[in-house]
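Working through the structure, step by step
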Amino acid sequence: METTETKLIETAKRYLKSTYGEDTVSMDVKTNTVKSGTGEMNVDCTVSVDGSRSNWNKTFFFKNGEVVRMTYRMR
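Because the structure is a prediction, the values reported are computed rather than measured.

Quick notes on the rules
Residues numbered from 1 in each chain as written. Predicted model: local features only at pLDDT ≥ 70, side-chain atom pairs only at ≥ 80, totals over all residues. Heavy atoms only, no water. Pairing = 2+ DSSP bridges. Helix = DSSP H or I, 4+ residues; strand = E, 2+ residues; numbered from the N terminus. Axes fitted to C-alpha atoms, helices over the stretch in contact; angles between N-to-C directions. Contact = heavy atoms within 4.5 Å. Phe/Tyr/Trp six-rings, centres within 6.5 Å; stacked < 30°, edge-to-face > 60°. Buried < 20%, exposed > 50% of the residue type's maximum accessible area, 1.4 Å probe, protein only. Lys NZ or Arg CZ within 6 Å of the ring centre and 35° of its normal.

**Concerning the sheet that holds strand 3 (residues 52-63)**
What the four strands build is an open sheet, ordered 1-2-3-4; its pairing is antiparallel. Sheet topology places strand 1 (23-32) and strand 4 (66-74) at the edges, where each strand pairs with a single neighbour. In this sheet, neighbouring strand axes are inclined to one another by 30° on average, regardless of whether the strands run parallel or antiparallel. Sheet analysis places strand 1 next to strand 2 (residues 39-49), joined by eight bridges and oriented antiparallel. When the bridges of strand 2 are listed, Asn 32 appears paired with Met 41. Packed onto the sheet, helix 1 (residues 5-20) meets strand 1, strand 2, strand 3 and strand 4 and runs at close to 130° relative to strand 1.

Below, the structure written as structure tokens:
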């Protein structure tokens, strides 16, 4: 099962929306070690909540093509 980076980005955006209520303004992939749906993808992103924007570096941890956890720090 090969997962394209575009699909991973869309999965990460859905995770942010459903888990944190964040709308993704932009997302730039820095590193991506996801193979066959499992691994890590590190991004710089800008998110918006109720019109208030913030900039973050986030690492999404994937298993079987789904986000299982995430770490983050403000940038």
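**Examining the packing of aromatic side chains**
Given two aromatic rings, one states the distance between the centres and the angle between the planes to describe the pair. Scanning the model with the defined rule gives three aromatic pairs in all. Centroid distance Trp 56 to Tyr 72: 5.7 Å. Interplanar angle 80°. Geometry classified as edge-to-face. Taken together, the residues Trp 56 in strand 3 and Tyr 72 in strand 4 connect sequence positions 16 residues apart. Accessibility expressed as a relative area gives 17% for Trp 56, which makes it buried. For the cation-ring pair, Lys 58 lies above Tyr 20, with the distance from its terminal atom to the ring centre recorded as 6.0 Å. Cation over ring: Arg 69 sits above Phe 61, and NZ or CZ is 3.9 Å from the ring centre.

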